[in-house]
Amino acid sequence: MKRTILALAAVSLTAGAAQAAEIAPGEVEFDGYEVTASLTETPGDPEKGREIVTNKSMGNCVSCHAAEAYSDVPFHGEVGPILDGAGDRWTEAELRGIVSNAKMAFEGTVMPAFYKVDGFTRLGDAFTGKAWPEGEPVTPLLTAQEIEDVVAYLLTLKE
Amino acid sequence: MKTKLLQGIAAVALAASAGTAQAEDVIGFELNGETPIVVETDAPAHLDGALSTIRSGWTFRDPATQAMEMDDFDNPGMLAVEDAMVAWETAEGSEGKSCMDCHGAAEDMAGVKPVYPKYVESAGEVRTLQMQMNDCRENRMGAEPWKYDATEAVSMEALLSSVSRGMPVNVAIDGPGAETWEMGKELYYTRTGQLDLSCANCHEDNYDNLIRADHLSQGQVNGFPTYRLKNTKLNGIHSRFKGCVRDTRAETFSAGSPEFVALEMYVASRGNGLSVEGPSVRN
């Protein structure tokens, strides 16, 4: 998180406009469960998306979802569906919606909302077991750009 | 579900113990080649069909880990039981008394563990075994209470559990403890943290699935205290709860808190019918 925040700050110095165009977690517009508009002005990078999906300390999607597409990564979970073919089954807008807040698409799902900052019970400070510091703005599990990167990667998962 | 159970050391059908006129065999293993341990049985009625069968965490572990628990010589948790046996006989506190002075041999405590947590009439509250142990220490021995889930407390809990191994968990859910049980149930189904997950999401909806490298069990507590290969020591129930709540990116409750006492009571009751198994071995 720290690193991303610094990176964003650096960007905002040089390109304030691009930063302003980012859609905040509370302002994402859902059409049903779809999110049509990109959360940023920078197109998603599928390479980075793959890293986020498979990395334990980032999206950690792999802990619940297996896929042939990243069979080189160990320890695939089986709580969620296999992600191969996600790019055939879903449109970009649907995938953006699913990753941002899967509960809009799948009622009561166990899949966490990756771009959401409110409505939690006993919100903790990451994995410390301590409460989230009062008054501190809550950071979503993934940044806007990371969501775009993940969506770009999922779109490459064709069968 | 059934097929996966057979992956490990096949839990065998144990002949129903002599005397009980049970038609059906039960699934389990023989501890030390003699004590039947039931590791799978019908879910208690109060689960309302949420699970059809209940399974001990033992059935989800690999054969090597299972085997360590099947013989006391191989079970590292039994070392703590030996320590606790010394503590059982050692006088402490201003009254100069040991546990044994009031209770006799540790083996005489067989039958205590299966019904805890329970409503204790004299105290007017639901208590865990550790709370009850500390009541004795403070009020009968004049000794310092043990810290919740600390080594001494967990070891003594393991001793009291070990003498009840093979007896069915039988936690009361009605009567004056019912309110606490309801509170525990509520906590069990409440989603917490930034990952927004409840105990049920992992241990009821997804048991038998892998979550990353972990083979999800039903999160039963009949095997506690558990010796974990991961941290090479005995672990208490509340410490395990803390870890699971923390993993939802939530603020946890503390060991010994009213919330965890209630949760322990509820979770223990989900295992009514499984054998007391502690100290068990888990990864």
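Residues numbered from 1 in each chain as written. Chains lettered and ligands numbered in written order. Predicted model: local features only at pLDDT ≥ 70, side-chain atom pairs only at ≥ 80, totals over all residues. Heavy atoms only, no water.

A. A look at the UniProt feature "domain: Cytochrome c" (unreviewed entry) in chain B. Residues and elements named next belong to chain B. Within this structure's numbering, the places UniProt gives as "domain: Cytochrome c" (unreviewed entry) are residues 84-169 and 184-276. As a span, residues 84-169 carries 42% helix and 7% strand, and end to end its C-alpha atoms are 22 Å apart. The distance from the first to the last C-alpha atom of residues 184-276 is 20 Å, and the span holds 37% helix and 11% strand. (UniProt positions renumbered as here; feature names shortened; annotations may be inferred. Helix = DSSP H or I, 4+ residues; strand = E, 2+ residues; numbered from the N terminus.)

B. Quick look at helix α7 (residues 178-189) of chain B. Residues and elements named next belong to chain B. Taking 1.5 Å of rise per residue, the 12 residues of α7 would be expected to cover 16 Å, and the 17 Å separating its terminal C-alpha atoms lies within 8% of that figure. Inspection of α7 places Trp 181, Gly 184 and Tyr 188 among the buried residues, and these make up the whole buried set. The buried residues of α7 occupy one face: seen down the axis, they fall within an arc of 60 degrees. Across α7 from its buried face, at more than 90 degrees, point the exposed residues Glu 179 and Glu 186. (Expected span 1.5 Å × (residues − 1). Buried < 20%, exposed > 50% of the residue type's maximum accessible area, 1.4 Å probe, protein only. Arc of directions from axis to C-beta.)

C. Structural context of the UniProt feature "domain: Cytochrome c" (unreviewed entry) in chain A. With numbering aligned to this structure, UniProt lists the feature "domain: Cytochrome c" (unreviewed entry) at residues 44-158 of chain A. Helix makes up 30% of residues 44-158 of chain A and strand makes up 0%, while its end C-alpha atoms are separated by 17 Å.

D. Spotlight on the sheet that holds strand β4 (residues 53-55) of chain B. Residue and element names in this part refer to chain B. Strand order in the open sheet made by the 4 strands is β1-β2-β3-β4, with antiparallel pairing throughout. The sheet is open, and its two borders are formed by β1 (12-14) and β4, each paired with just one other strand. For this sheet, the mean angle separating the axes of adjacent strands, direction not counted, is 50 degrees. Both β1 and strand β2 (residues 26-31) contribute to a ladder of 3 bridges, which runs antiparallel. Paired with Val 12 across the strands is Gly 28, a residue of β2. (Pairing = 2+ DSSP bridges. Axes fitted to C-alpha atoms, helices over the stretch in contact; angles between N-to-C directions.)

E. Geometry of the nonpolar core. If you look at the biggest cluster of nonpolar residues, it comprises 29 residues, and the most contacted ones within it are Leu 39, Tyr 70, Phe 114, Ile 147, Val 150 and Leu 154 of chain A. Elements with a minimum of two residues in this core: α3 (46-54), α5 (92-100) and α6 (144-155) of chain A. Element by element, the count of residues in this core is highest for α6 of chain A, at 6 residues. Ignoring any residue separated from it by four or fewer positions in sequence, one finds Tyr 70 of chain A in contact with Arg 50, Val 53, Thr 54, Val 62, His 65, His 76, Leu 83 and Tyr 153 of chain A. One finds Ile 54, Val 126, Val 245 and Ala 250 of chain B within the second-largest nonpolar core, a separate group that totals 28 residues. (Core = buried A, V, L, I, M, F, W, Y, C linked by side-chain atoms within 4.5 Å. Contact = heavy atoms within 4.5 Å.)

F. Quick look at the pairing of β2 of chain B. Residues and elements named next belong to chain B. Pairing of β2 with strand β3 (residues 35-42), which is carried by 5 bridges, proceeds in the antiparallel orientation. Residue Glu 30 lies in a different strand from β3, and its bridge partner there is Pro 36. Counting the residues that bridge the hairpin from β2 to β3 gives 3 residues, and of these Asn 32 lies at a positive phi of roughly 55 degrees.

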